[in-house]
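Breakdown of the fold
Spelled out, the chains give:
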Amino acid sequence: MDMKLPTVVRHPRMLVQSFSQIVGYQISKHNIPDLWLDAQGEGITIAVLDTGCQTDHIDLNGSVLSTYNTTGGDINDVHDQDGHGSHVTGIITANNNELGIVGVAPKAKVISVKVLGDNGSGAYQWISRGIEEAIARNVDIISMSLGGPSDDPQLHAAIQRAYQNNIPIICAAGNAGDIHNLDYPGRYTETISIGALNADNIRAEFSQTGRNLDFMAPGVDILSTVPVNSYAVFSGTSMATPWVSGVVALMLSKHHCKGGDTPVNTVEDVRDHLRKTAIDLQDAGRDPNTGFGLIDVGQSVKLMKTADNMPEHIAQTTRSTYPHSQMERWYCDLEKRISILEKKRDQTS
Ligand SMILES: [Ca+2]
Ligand SMILES: [Ca+2]
């Protein structure tokens, strides 16, 4: 049994020379640049399990921290023949510069885990191994724009381990439309499953329905990075999923860097925060077409409360050189490294 990419609508590729940086509606309409004053994904690592990535794409400079390949051959080779994984990576973290496009969390780092072959499909076992590797590398978020119709005990066990490690797993709902069942792994209750809306926040007809659906996000006509140093417009729940991974990266980044009393320790804390700030769509309350509704990125990031006990030197640099001073970034990195070291120490002792 194979896991497949949802059928994504793909438009012809464009060359980078044809435009300066375009800020897509999924960024501009949601006022994401305003939120970058608080956080741009600093200190957050997202495992993207997909077809690989063009890691040296001109608009993903510094975005891909490391690679891993579970599909056979060189374990570090994530060559992206298909283009889907590169597109997803750009939606999360394409550089904010003078060219191409910009991601939701341009300073977040991605670990590119190639779990699907060049034909866009992969064994369940490859995906399970990709999840295990992501856990081993202490990622903050796992993003999976893939799905299949069957339950798989090994895959479910890997998902449960990530869940127990408090790693939010953001998954595509699937693109088969109104069939009352999500694809796996999006159907597992441990994952956070995402459907697609168009630019007018109307549910895309292809967006798969089911009672476990969690949230909706922009996923129609999304321009992003594809090999080689190019850009293309794709539509699918595959595109909505990394947008949410980027939003969660902004939330966690703000929380990790600035502290705060908003609980985001467990996956349920994250889901709960997204739920409380979501904009209800269609039938009142959670519904199988749109889940808890559209993620309100503005509210979800702004309502991450900052700590009263923020160290004074950090508070000062925040005030004086807002948005992010060198010192604050350094402090965030340091904190992060200490917590990783502590985690490792606890695991080995
Ligand atoms: Ca760019
Ligand atoms: Ca609703």
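Let me begin by describing the structure that accompanies this report. Quick caveat, the model's predicted, so the values are computed rather than measured. One numbering rule holds for all chains: residues counted from 1, following each sequence as written. Here chains are named by letter from A upward and ligands by number from 1 upward, in the order in which they appear as written. Confidence filtering applies because this is a predicted model: local features only for residues at pLDDT of at least 70, side-chain atom pairs given and counted only at 80 or more, and all residues used for totals across whole chains, interfaces and linings.

**Some remarks on the overall build of the protein**
- When helices and strands are tallied, the protein shows 10 helices and 12 strands.
- Pairs at least 24 apart in sequence give 75% of the contacts found in the protein among residues at least 6 apart. In this description a helix means any DSSP run of H or I spanning at least four residues, a strand means any run of E spanning at least two, and both kinds are numbered starting from the N terminus. Any pair of residues counts as being in contact when their C-beta atoms, constructed from backbone geometry, are within 7 Å of one another.

**Concerning the packing of helix α4 (residues 124-136) against helix α5 (residues 153-164)**
- Axis definition: a line fitted to C-alpha atoms, limited for helices to the stretch in contact. Angles are taken between N-to-C directions and run from 0 to 180 degrees. Two elements in contact, α4 and α5, have axes whose closest approach is 9 Å; the angle formed by their N-to-C orientations is 15 degrees. The angle between the axes of α4 and α5 places the two elements in the roughly parallel class. Handedness of the crossing formed by α4 with α5: left-handed. Residues Tyr124, Gln125, Ile127, Ser128, Ile131, Glu132 and Ile135 of α4 lie in contact with α5, whose contacting residues are Gln154, Leu155, Ala158, Ile159, Arg161 and Ala162. Any angle that is under 35 degrees is reported as roughly parallel, and any over 145 degrees as roughly antiparallel; angles of 65 to 115 degrees are reported as roughly perpendicular and all others as oblique. Each crossing gets its hand from how the near helix is turned against the far one by less than a right angle, where anticlockwise is left-handed and clockwise is right-handed.

**Some remarks on the sheet that holds strand β7 (residues 141-144)**
- A pair of strands is considered paired only if DSSP assigns at least 2 bridges between the two. Taken in spatial order, the 7 strands of this open sheet run β4-β5-β3-β7-β8-β9-β10, and their pairing is parallel. What marks the edges here is a single partner per strand, and that holds for β4 (64-69) and β10 (215-218). Averaged over all adjacent pairs, the angle separating strand axes in this sheet is 25 degrees, with direction ignored.
- Pairing analysis gives 6 bridges linking strand β3 (residues 45-50) to strand β5 (residues 109-114), with the strands arranged parallel. Looking at the pairing, Thr45 lines up with Lys109 of β5.
- Those strands touched by helix α6 (residues 237-258) are β3, β7, β8 (169-172), β9 (192-197) and β10, and its axis lies near 120 degrees from that of β9.

**Details of the environment of Arg161**
- In this fold, Arg161 is placed in helix α5.
- Exposed residues have 12 or fewer other C-beta atoms within 10 Å of their own C-beta, buried residues have 20 or more, and partly exposed residues fall in between, where C-beta atoms are placed from the backbone. According to the C-beta neighbour criterion, Arg161 is partly exposed, with 15 such atoms within 10 Å.
- Here the alpha-carbon distance between Arg161 and Glu132, two residues 29 residues apart in the chain, equals 8.1 Å.

**Considerations on unusual backbone geometry**
- Backbone torsion omega between Tyr184 and Pro185 reads 5 degrees, so that peptide bond is classified as cis.
- Within the secondary structure, Pro185 sits in the loop between β8 and β9.
- At the junction of Pro227 and Val228, the peptide bond is cis and its omega measures out at -10 degrees in the coordinates.
- Its location among the elements puts Val228 in the loop between β11 (222-226) and β12 (230-235).
- Look at His180: it is not a glycine, yet its phi comes out positive at around 65 degrees.
- Considering the arrangement of structural elements, one finds His180 in the loop between β8 and β9.
- Of the residues examined, His180 has 10 C-beta atoms within 10 Å and is grouped as exposed.
- You will see that Asp221, though not glycine, has its phi angle at about 55 degrees, which is positive.
- Relative to the helices and strands, Asp221 resides in the loop between β10 and β11.

**What about the packing of helix α3 (residues 84-93) against α6?**
- Where α3 meets α6, the closest approach of the two axes is 8 Å, and the angle between their N-to-C directions is 35 degrees. As α3 runs across α6, the sense of the crossing is right-handed. Touching His84, Val88, Ile91 and Ile92 of α3 are Ser238, Met239, Pro242, Trp243, Ser245 and Gly246, all from α6.
- Classification convention: Asp, Glu, Lys, Arg as charged; Ala, Val, Leu, Ile, Met, Phe, Trp, Tyr, Cys, Pro as nonpolar; all other residues, Gly among them, as polar. Along the lines of polarity and charge, the residues of the contact of α3 with α6 split into 6 nonpolar, 4 polar and no charged.

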